Amino acid sequence: MDIEKILKNLKRRGFLPVYFESGKKAADYVCSLIPAGESVGSGGSMTIASLGILERLAEGGHKVYAHSLVPESERGDVYQKAGGADWYITSANAVTEGGEIVNIDGAANRVSALCFGVKKIIYIIGVNKITPALGEAIDRAKNIAAPLNAKRLDKKTPCSVTGRCSDCNSPDCICNVTTITHHPTKYQTEVHVVIAGENLGY
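Residues numbered from 1 in each chain as written. Predicted model: local features only at pLDDT ≥ 70, side-chain atom pairs only at ≥ 80, totals over all residues. Heavy atoms only, no water.

## Let's talk about the overall build of the protein chain
In plain terms, the rule: Secondary structure counts use DSSP, requiring at least four H or I residues in a row for a helix and at least two E residues in a row for a strand, with both numbered from the N terminus. Two things to know: the radius of gyration comes from C-alpha atoms, and the globule rule equals 2.2 Å times the number of residues to the power 0.38. Partly exposed residues are those whose accessible area sits between 20% and 50% of the maximum for their type, while under 20% is buried and over 50% is exposed, using a 1.4 Å probe and protein chains only. Contacts are residue-level and defined by heavy atoms, with any inter-residue pair within 4.5 Å sufficient. Each accessible area value is a Shrake-Rupley result obtained with a 1.4 Å probe; residue values ignore everything except the protein chains displayed when judging cover.
The helix and strand tally for the protein chain stands at eight helices and ten strands. Against the globule reference of 17 Å for 202 residues, the protein chain gives a C-alpha radius of gyration of 16 Å, in line with a compact fold. Principal-axis analysis of the C-alpha atoms gives the protein chain an extent of 45 × 45 × 30 Å. By residue count, 48% of the 202 residues in the protein chain fall in the buried class. Within the protein chain, contacts between residues separated by at least 24 positions form 75% of all contacts whose residues are at least 6 apart in sequence. Of the roughly 9,700 Å² of accessible surface on the protein chain, 51% is carried by carbon and sulfur atoms.

## Overview of the packing of aromatic side chains
Two measures describe an aromatic ring pair: the distance that separates the ring centres and the angle between the ring planes. As a reminder of what qualifies: Geometry of aromatic contacts follows a simple scheme: Phe, Tyr and Trp rings, the Trp one being its six-membered ring, pair when their centres are within 6.5 Å, and the pair is stacked under 30 degrees between planes, edge-to-face over 60, tilted otherwise.
Applying the stated criterion across every chain, the model contains two aromatic pairs. Consider the rings of Phe20 and Tyr29, whose centres lie 5.1 Å apart with planes at 45 degrees: the pair is tilted.

## Focus on helix α6 (residues 109-117)
Our working definition: This arc is taken over the directions from the axis of the helix to the C-beta atoms.
The complete set of buried residues in α6 reads Arg110, Val111, Ala113 and Leu114. On an axial view of α6, the arc spanned by its buried residues comes to 160 degrees, and they lie on one face. Elements that come into contact with the buried residues of α6 comprise β4 (87-90), β6 (101-105), β7 (120-126) and β9 (177-181).

## Examining the sheet that holds β7
What counts here: When DSSP locates at least two bridges between a pair of strands, those strands are taken to pair. Axis angles are defined between N-to-C directions and span 0 to 180 degrees, where every axis is a line fitted to C-alpha atoms and, for a helix, only to the segment in contact.
On the basis of which strands lie adjacent, the open sheet formed by six strands has the order β1-β10-β7-β4-β2-β3 and parallel pairing. The open sheet has two edge strands, β1 (16-20) and β3 (64-66), and neither has a second partner. Each adjacent strand pair in this sheet contributes to an overall mean axis angle of 20 degrees, direction not counted. Taken together, the five bridges between β1 and strand β10 (residues 190-196) define a ladder with parallel strand orientation. Along β10, the bridge assignment pairs Tyr19 with Ile195. Those strands touched by helix α2 (residues 23-33) are β1, β4, β7 and β10, and its axis lies near 160 degrees from that of β10. Here α6 sits on the sheet and contacts β4 and β7; the angle it forms with β4, its principal contact strand, is near 130 degrees.

## Here we look at unusual backbone geometry
A positive phi angle, close to 70 degrees, is found at Ala108, a residue other than glycine. By the secondary structure assignment, Ala108 is in the loop between β6 and α6. By relative accessible area, which is 17% here, Ala108 ends up buried. Notably, Asp167 is not glycine yet its phi reads approximately 50 degrees, a positive angle. As for its position among the elements, Asp167 is in the loop between α8 (158-162) and β9. By relative accessible area, Asp167 is classed as exposed at 58%.

## What about the pattern of salt bridges?
Selection rule: Think of a salt bridge as a Lys or Arg side-chain nitrogen and an Asp or Glu carboxyl oxygen that are within 4 Å of each other.
According to the stated counting rule, one finds eight salt bridges in the structure shown. Residues Arg13 and Glu100 are paired through a salt bridge, measuring 4.0 Å at the closest nitrogen-oxygen approach. Taken together, the positions of Arg13 in the loop between α1 (3-12) and β1 and Glu100 in the loop between β5 (94-96) and β6 put the pair 87 residues apart, joining distant regions of the chain. Assigned by exposure class, Arg13 and Glu100 land together as buried.

## Let's talk about the nonpolar core
Defined as follows: Only buried residues count toward a nonpolar core. Its members are Ala, Val, Leu, Ile, Met, Phe, Trp, Tyr and Cys residues joined through side-chain atoms within 4.5 Å.
Among the nonpolar cores identified, the biggest contains 24 residues, and Tyr123, Val193 and Ile195 are the most heavily contacted of them. Looking at this core, the elements with two or more residues in it are α1, α5 (75-82), α6, β7 and β10. In contact with Ile195, not counting residues within four places along its chain, are Ile6, Leu7, Leu10, Val18, Tyr19, Phe20, Ile125, Val127 and Ile130.

These figures come from the coordinates and say nothing about function on their own.
This is the structure we're talking about:
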């Protein structure tokens, strides 16, 4: 895996890429990017949760909109506010060596924020999510990330039992929207891609 090549390809596509050897250093960098007083949104991410970034930002005085930090009864309002924050922090289901980012969502709160709702985005991606090309990235999202998340969330889907996607029509399906981000949109002003040299999340 050629990290320098991946960073070059991400930069060529208009992203702001950077690499750190550890998740901790990546988290420190992310927290340093966000100016005091600016709000932060986030969706569900095991990568972000494992690094404690949202808690650090909240403790530092930022207004953080994340459903993981509030009771279930308040989550509907938080989804909307997260999609209108100054910054949005997330991971990805996969990133290709060519610099394309793939995500699959159930409710689409995350991908909608990433596509349009928020102008400044930060992706934090472990090296375990890097794939050679787009086909492998989509396969990874469907057959690694989605089954693990479905099982974690106790969804009644075939993949939560078998560990493989079956293109189901289950009401509990969490693969309702798939996005491929080739470049930041014209609406966005900063899209940082922070790669950490360790396995993070699903």
